[in-house]
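# Observations on the model geometry
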Amino acid sequence: QVQLVESGGGSVQAGGSLRLSCAASGRTFSSYAMGWFRQAPRKEREFVAAISWSGGNTYYADSVKGRFTISRDNARNTVYLQMNSLKPEDTAVYYCAADSSPIFPAATMTEYDYWGQGTQVTVSS
């Protein structure tokens, strides 16, 4: 089992920055690719970013390329999402997830095995 806990959400004005953290516990964290998803009110959960087991490969949704950066520190069992130049349309609950499949990148919800509880990000105009 892998347990994931997100933190770092909050309210920020457009153009600002936030850094989300996802602390993981459980077996073989370094064996999982990790992803970030987000879900806005009345919207389906959508892919944001993913990072490979080693951290050497990353993949981003087109909507966040150039603004968001995913990273991981396996020694700390933590994955991060640095969000810069935030826009109101980035407002959502952000979830981290763990992917045990051997294929990277994985950008669909069904490819992820474990999920955190989510953290709210609100970006005002």
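Residues numbered from 1 in each chain as written. Predicted model: local features only at pLDDT ≥ 70, side-chain atom pairs only at ≥ 80, totals over all residues. Heavy atoms only, no water.

## A few points about the state of the cysteines
- All chains considered together, the criterion is met by one disulfide.
- A disulfide bridge connects Cys 22 with Cys 96, and the sulfur atoms are separated by 2.0 Å. On the sign convention where negative is left-handed, the bridge of Cys 22 and Cys 96, at about 55° about the S-S bond, is right-handed. With Cys 22 in strand β3 (residues 18–26) and Cys 96 in strand β9 (residues 92–99), this pair connects stretches of sequence that are 74 residues apart. (Disulfide = S-S within 2.5 Å. Helix = DSSP H or I, 4+ residues; strand = E, 2+ residues; numbered from the N terminus.)

## Here we look at the side chain of Asp 90
- Tracing the sequence through the fold places Asp 90 in the loop between β8 (78–83) and β9.
- With relative accessibility at 1%, the residue Asp 90 sits in the buried group.
- Of the polar contacts made by the side chain of Asp 90, one reaches the side chain of Arg 38; its length is 2.9 Å.
- Of the polar contacts made by the side chain of Asp 90, one reaches the side chain of Arg 67; its length is 2.7 Å.
- Setting aside its immediate chain neighbours within four residues, Asp 90 contacts Arg 38, Arg 67, Phe 68, Ser 85, Val 121 and Val 123. (Buried < 20%, exposed > 50% of the residue type's maximum accessible area, 1.4 Å probe, protein only. Polar contact = N/O pair within 3.5 Å; in protein donor to acceptor, adjacent residues only side chain to side chain. Contact = heavy atoms within 4.5 Å.)

## Observations regarding the packing of aromatic side chains
- Taken as a whole and judged by the stated rule, the model has six aromatic pairs.
- Centre to centre, the rings of Tyr 32 and Tyr 114 are 6.0 Å apart; their planes meet at 75°, and the pair counts as edge-to-face. Of this pair, Tyr 32 sits in the loop between β3 and β4 (33–39) while Tyr 114 sits in strand β10 (residues 114–115), and the two are 82 residues apart along the sequence.
- Relative to Phe 47, the ring of Phe 37 has its centre 5.6 Å away and its plane inclined at 80°; by these criteria the two rings are edge-to-face. With Phe 37 in strand β4 and Phe 47 in strand β5 (residues 46–51), this pair connects stretches of sequence that are ten residues apart.
- You can call Phe 37 buried: its relative accessible area is 1%.
- Under the relative-accessibility criterion, Phe 47 is labelled buried at 11%. (Phe/Tyr/Trp six-rings, centres within 6.5 Å; stacked < 30°, edge-to-face > 60°.)

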